[in-house]
Amino acid sequence: MTSTTVTRIRIETGSAPEFYDITENVRWALADSRVRDGLLCVFSVHTTAAVIVNEHEPLLIEDMKRFLRNIAPEDAYYAHNDFAIRTVNMTPDETANGHSHCAHLLLPSSETIPIIDGELALGTWQSVFMVELDPRPRTREVLISVYGS
């Protein structure tokens with residue numbers, strides 16, 4: 001019998017870019033689903049927060065933060081941040097986060113991981129991260145969908 005479950009997790013963020021290891025949350029969602037073989041999708045519902053699979057090694061994480069800052073510097077000009085000309089999708093608490101959206105161009109909104117014998121088919125050094133790209137503290141939501149038998 002095939003089943004599908006969806007788990008929502010919330011992450012309180014503080015700064016950006018920041019890498020939040022959510023591998024254990026993903027494993028818990030898989031265990032709760034009781035799926036033995038199938039697929040698991042981890043999805044960020046935000047345009048300035050991504051989901052990636054990469055190595056959890058502190059120096060590498062610092063390298064990745066530096067890379068994101070270099071590729072989309074916060075202090076560069078972004079028309080998205082020019083509230084004198086921007087009129088679309090404005091909110092009362094709007095912040096200047098054009099760099100966050102541009103950095104997200106390089107990162108996925110989701111990752112799909114195979115499930116084999118009730119385990120995530122991650123490689124030895126692979127972890128699942130939610131990557132915060134927006135500089136203000138936020139509550140983020142990530143969906144974990146498990147599909148299989």
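In short, a report on the structure. Since the structure is predicted, the reported quantities are computational estimates derived from the model, not experimental observations.

## Focus: the environment of methionine 130
Turning to step 1, where the next piece is worked out: The residue methionine 130 is located in strand 7 (residues 126-132) in this model.
Turning to step 2, where the next piece is worked out: Judged by its relative accessible area of 0%, methionine 130 falls in the buried class.
Turning to step 3, where the next piece is worked out: In sequence terms methionine 130 and glycine 118 are 12 residues apart; their C-alpha atoms lie 23 Å from each other.

## Concerning the nonpolar core
Turning to step 1, where the next piece is worked out: Formed by 21 residues in total, the largest nonpolar core has its most connected members in Ile22, Val26, Leu40, Val42, Val128 and Ile144.
Turning to step 2, where the next piece is worked out: Taken together, the elements giving at least two residues each to this core come down to strand 1 (3-12), helix 1 (23-33), strand 3 (38-44), strand 4 (49-55), strand 5 (110-116), strand 7 and strand 8 (139-148).
Turning to step 3, where the next piece is worked out: Other than its neighbours up to four places away in sequence, isoleucine 144 contacts Thr5, Val6, Thr7, Ile9, Asn25, Val26, Ala29, Leu40, Cys41 and Val42.
Turning to step 4, where the next piece is worked out: Core analysis: the next-biggest nonpolar cluster, separate from the first, contains 13 residues, Ala72, Ala103, Leu107 and Val131 among them.

## A look at the side chain of serine 100
Turning to step 1, where the next piece is worked out: Following the sequence through the fold, serine 100 ends up in helix 3 (residues 98-104).
Turning to step 2, where the next piece is worked out: Beyond its immediate sequence surroundings of up to four residues, serine 100 is in contact with Thr48, Leu133, Asp134 and Pro135.

## A closer look at the layout of surface pockets
Turning to step 1, where the next piece is worked out: Considering only enclosed or pocket space, the largest pocket measures out at about 220 Å³ in volume.
Turning to step 2, where the next piece is worked out: Together, 15 residues line the largest pocket, and Thr47, Glu94, Asn97, His101 and Arg138 are the ones closest to its centre.
Turning to step 3, where the next piece is worked out: Tallied by class, the residues present in the lining of the largest pocket amount to no nonpolar, nine polar and six charged.

## Focus: the pairing of strand 7
Turning to step 1, where the next piece is worked out: Where burial is concerned, most of strand 7 is hidden: six out of the seven residues are buried.
Turning to step 2, where the next piece is worked out: In this structure, strand 2 (residues 18-21) lies alongside strand 7, joined through four bridges in antiparallel fashion. The residue of strand 7 that forms the bridge with tyrosine 20 is methionine 130.
Turning to step 3, where the next piece is worked out: Here strand 4 pairs with strand 7 via seven bridges, running antiparallel. Opposite asparagine 54, over in strand 7, you have serine 127 as the bridge partner.

## Quick word on the pairing of strand 3
Turning to step 1, where the next piece is worked out: Note that strand 3 and strand 5 share six bridges and pair antiparallel. By the bridge assignment, phenylalanine 43 is partnered in strand 5 with serine 110.
Turning to step 2, where the next piece is worked out: Across seven bridges, strand 3 lies against strand 8 in antiparallel orientation. Of the residues in strand 8, the one forming a bridge with phenylalanine 43 is leucine 143.

Calculation rules
- Residues numbered from 1 in each chain as written.
- Predicted model: local features only at pLDDT ≥ 70, side-chain atom pairs only at ≥ 80, totals over all residues.
- Heavy atoms only, no water.
- Helix = DSSP H or I, 4+ residues; strand = E, 2+ residues; numbered from the N terminus.
- Buried < 20%, exposed > 50% of the residue type's maximum accessible area, 1.4 Å probe, protein only.
- Core = buried A, V, L, I, M, F, W, Y, C linked by side-chain atoms within 4.5 Å.
- Contact = heavy atoms within 4.5 Å.
- 1 Å grid on protein atoms, 1.4 Å probe; cavity = no way out; pocket = protein on both sides within 12 Å on 5 of 7 lines; lining within 4 Å.
- Points joined across faces, edges and corners; volume = space filled by probe spheres on them.
- Nonpolar A, V, L, I, M, F, W, Y, C, P; charged D, E, K, R; others polar.
- Pairing = 2+ DSSP bridges.

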